[in-house]
Amino acid sequence: MPGPARGMRGPSRDGSRAKRAIDGPGIWASCVKGKEKQTVGELYDLFESLASQLWPIEGESRLEEHWDLDEGEDEGVNLEDQIARELAAIKRPRMESRFANCQTNTPCVIFISCEPPVDPVRLVTTHVQNVQQTGITKTRYTHRLTPVSGTCFAGLPEIHSLCRHVFPRFFAENGGSDPPRTHKYKIELRIRNHSTLTRMEVIQEVAKCVPESYMVDLDDPEVFVLVEVFKNVCGVSILKDFYRLQKFNVMALANEKSEVENFKHGTGRVKGKEDLGETGSVEAHDKGDV
């Protein structure tokens, strides 16, 4: 029996609607081992919610508002009208999903591709900034999210071509200054389940695509070039604030926010002299669960 069509909105919670190969712009995610299917489901919900805010589909909000109003007017409606509404809801138009799970066949590793106009970098950056501000991840099993603006075969010519395609837009938007100045950058490379290319080969090839006005700075970079090599696939993206946002580890960001809030409310502070016992020893309050 053929699987569900990709154009149908609302993928199954276990992530059964999937592409066979890793392809296109998308988002890498690491998760709790054994919870891959649940992670796919929670990421679909999260990404669709964010995408509807960042790139609303014409008519979608009005359509959902219309149905929400109908559903809120059940009081005083006879049984026949209720049945008619339920039948109409079943026939409600389904919007095309902008995300698809790609099989990685590897524990703890997920890749979800994105359809235009979704920008994986903007999507993930928006989410991690929200997590940093609120401490709410909206996910249970997801650890780290890594957006890539494009993917290619993990060969040096292909990687070079991909960088030449992805980088110019960022440099055009962020490289201009009057007078011109030098920018600091760092290549963040992660290689998994791959043994053909060495780290130095990949770094040198990517560096060839960075303008001369950008200088390597491993300690205090302004710009980060993310390179993910997984099996025979390479993905790249370029962005800012990677370290400030805990390398897009949403669990770490949430824990960091919790620790700050606990400290503000007195938890974790060292007791003052007035709180000391007869021995005069200094005790720290329990921080509690983060």
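Cut-off values and rules
Counting of residues starts from 1 at the beginning of each chain's written sequence and follows it residue by residue. Side-chain atom pairs in this predicted model are given and counted only at pLDDT of 80 or more, local residue features only at pLDDT of at least 70, and totals for whole chains, interfaces and linings cover all residues. With hydrogens and water excluded, all non-hydrogen atoms of the structure serve as input to the side-chain values. Site definitions follow a grid-based scheme: protein atoms alone, a 1 Å grid, a 1.4 Å probe that fits but cannot get out for cavities, and for pockets an open set with protein on both sides within 12 Å along at least five of seven lines, plus lining residues having an atom within 4 Å of a point. Grid points are joined across faces, edges and corners, and a volume is the space filled by probe spheres set on the points. A run of DSSP states H or I qualifies as a helix once it reaches four residues; a run of E qualifies as a strand once it reaches two. Both are numbered from the N-terminal end. Each residue receives one of three labels: charged for Asp, Glu, Lys and Arg, nonpolar for Ala, Val, Leu, Ile, Met, Phe, Trp, Tyr, Cys and Pro, and polar for the others, Gly being one of them. Any two strands between which DSSP finds at least two bridges are classified as paired. For helices, the axis comes from a line fit to the C-alpha atoms of the stretch in contact; other axes are also lines fit to C-alpha atoms, and the angle between any two N-to-C directions lies between 0 and 180 degrees. A patch consists of residues whose relative accessible area exceeds 30% and which take part in no salt bridge; residues with like charges are grouped when within 9 Å of each other, and nonpolar side chains (Val, Leu, Ile, Met, Phe, Trp, Tyr) when within 5 Å. The accessible surface values rely on the Shrake-Rupley method and a 1.4 Å probe; as for residues, cover is taken only from the protein chains in view. Here, a salt bridge means any side-chain nitrogen of Lys or Arg that lies within 4 Å of a carboxyl oxygen of Asp or Glu. Orientation is classified from the angle alone, with under 35 degrees giving roughly parallel, over 145 giving roughly antiparallel, 65 to 115 giving roughly perpendicular, and any other angle giving oblique. Working rule for contacts: check all heavy atoms of both residues, and any pair within 4.5 Å makes them a contact. Remark: exposure states derive from per-residue accessible area (1.4 Å probe, protein chains only) relative to the maximum for the residue type, with buried under 20%, exposed over 50%, and partly exposed in between.

As annotated in an unreviewed UniProt entry, the protein is THUMP domain-containing protein from Pisolithus microcarpus 441.

Moving on to the layout of surface pockets. The volume enclosed by the largest pocket comes to roughly 610 Å³. Of all the secondary structure elements, the ones that give two or more residues to the lining of the largest pocket are α4 (120-134), α5 (156-174) and β10 (233-240). If one sorts the elements of the lining of the largest pocket by residue count, α5 sits on top with six residues. Of the residues assigned to the lining of the largest pocket, the class counts are nine nonpolar, six polar and five charged.

With mixed pairing, five strands are arranged side by side in an open sheet as β6-β10-β9-β7-β8. Because the sheet does not close on itself, it has two edges, and the strands there are β6 (150-153) and β8 (214-216). Taking each pair of neighbouring strands and ignoring which way they run, the sheet shows an average axis angle of 30 degrees. With four bridges connecting them, β6 and β10 associate as antiparallel partners. The residue of β10 that forms the bridge with Gly150 is Val236.

Attention now moves to a nonpolar patch on the surface. On the surface, a cluster of nonpolar side chains totalling about 300 Å² of accessible area is made up of Leu79, Ile83 and Leu87. Here Ile83 lies in helix α3 (residues 79-90).

Between helix α1 (residues 36-54) and α4, the least distance of the axes is 10 Å, while the angle of their chain directions is 105 degrees. As the angle between them shows, α1 and α4 are arranged roughly perpendicular. Contacts between α1 and α4 involve Leu46, Phe47, Leu50, Ala51 and Leu54 from the first element and Arg122, Leu123, Thr126, His127 and Asn130 from the second. Grouping the constituent residues of the contact of α1 with α4 by class yields six nonpolar, three polar and one charged.

To continue, consider the environment of Ala252. By secondary structure assignment, the location of Ala252 is in helix α7 (residues 250-264). Residue classification places Ala252 among the partly exposed positions, given a relative accessible area of 25%. Separated by 108 residues in the primary sequence, Ala252 and Arg144 place their C-alpha atoms 8.8 Å from one another.

Here we come to the pattern of salt bridges. When charged atoms on two side chains of opposite charge get close, those side chains can pair. Applying the stated criterion across every chain yields a total of seven salt bridges. The partner of Arg244 in a salt bridge is Asp241, with the nearest N and O atoms 3.4 Å apart. Assessed through its relative accessible area of 44%, Arg244 is described here as partly exposed. We classify Asp241 as partly exposed; its relative accessible area is 32%.

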